[in-house]
Amino acid sequence: MNDIPLGYFLIVSALLFSVGLGIMLLKRNMIFVLMGIELMLNAANLNLIAFSRQDDQLQGMVFSVFVLVIGVCEMTVALAIILQIYRHYKNIDLGAEKSRF
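Presented here is a report on the structure given in the accompanying data block.

Calculation rules
Residues numbered from 1 in each chain as written. Predicted model: local features only at pLDDT ≥ 70, side-chain atom pairs only at ≥ 80, totals over all residues. Heavy atoms only, no water. Helix = DSSP H or I, 4+ residues; strand = E, 2+ residues; numbered from the N terminus. Rg over C-alpha atoms; globule rule 2.2 N^0.38 Å. Buried < 20%, exposed > 50% of the residue type's maximum accessible area, 1.4 Å probe, protein only. Phe/Tyr/Trp six-rings, centres within 6.5 Å; stacked < 30°, edge-to-face > 60°. Lys NZ or Arg CZ within 6 Å of the ring centre and 35° of its normal. Axes fitted to C-alpha atoms, helices over the stretch in contact; angles between N-to-C directions. Parallel < 35°, antiparallel > 145°, perpendicular 65-115°, else oblique. Left-handed = near helix turned anticlockwise from the far one by under 90°. Contact = heavy atoms within 4.5 Å. Nonpolar A, V, L, I, M, F, W, Y, C, P; charged D, E, K, R; others polar.

1. As for the overall build of the protein
And step 1. When its secondary structure is counted, the protein shows 3 helices and 0 strands.
And step 2. Helices and strands in the protein line up, N terminus first, as α-α-α.
And step 3. Since a compact globule built from 101 residues should have a radius of gyration of about 13 Å, the 18 Å found for the protein marks it as more spread out than a globular shape.
And step 4. Referenced to the eigenvectors of the C-alpha coordinate spread, the extents of the protein come out at roughly 65 × 25 × 15 Å.
And step 5. Expressed as a percentage of the 101 residues in the protein, the buried residues total 19%.

Here you go:
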């Protein structure tokens, strides 16, 4: 892994972040929006790990573990909220209006 230049990691991270942002902005389903946010968090983790390769104490890897734990907790709470919204409205699309008739 030491022979791979840092620029390649940054390019892959930028692509992951762009795909996550695109999914988050274009999709109307809440599950897809959460998946886009998770891709964006993974891109940030890739940056932290890539830059921690040049640090002897590997602090970037420790930060990436914290980011993963926080992301999992956020997704758990968000999925619980989505399930409650689905039970009430029978729909999880963002901006969808329920017909009264």
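Right, picking up where we left off after that structure.
2. Quick look at the packing of aromatic side chains
And step 1. By the definition in use, this model includes 0 aromatic pairs.
And step 2. Over the ring of Phe32 we find Lys27; its NZ or CZ atom is 5.5 Å from the centre of that ring.

3. Remarks on the packing of helix H1 (residues 6-26) against helix H2 (residues 30-52)
And step 1. Two numbers describe how H1 lies on H2: the axes approach to 7 Å, and their chain directions differ by 165 degrees. In this view, H1 runs roughly antiparallel relative to H2, as classed from their interaxial angle. Once H1 is placed against H2, the crossing between them reads as left-handed. Facing Leu6, Phe9, Leu10, Val12, Ser13, Leu16, Phe17, Val19, Gly20, Leu21, Ile23 and Met24 of H1, the residues of H2 in contact are Phe32, Val33, Gly36, Ile37, Leu39, Met40, Ala43, Leu46, Asn47, Ala50 and Phe51.
And step 2. Here the residues of the contact of H1 with H2 are counted per class, giving 19 nonpolar, 4 polar and no charged.

Read these as layout, nothing more, since geometry by itself doesn't imply function.
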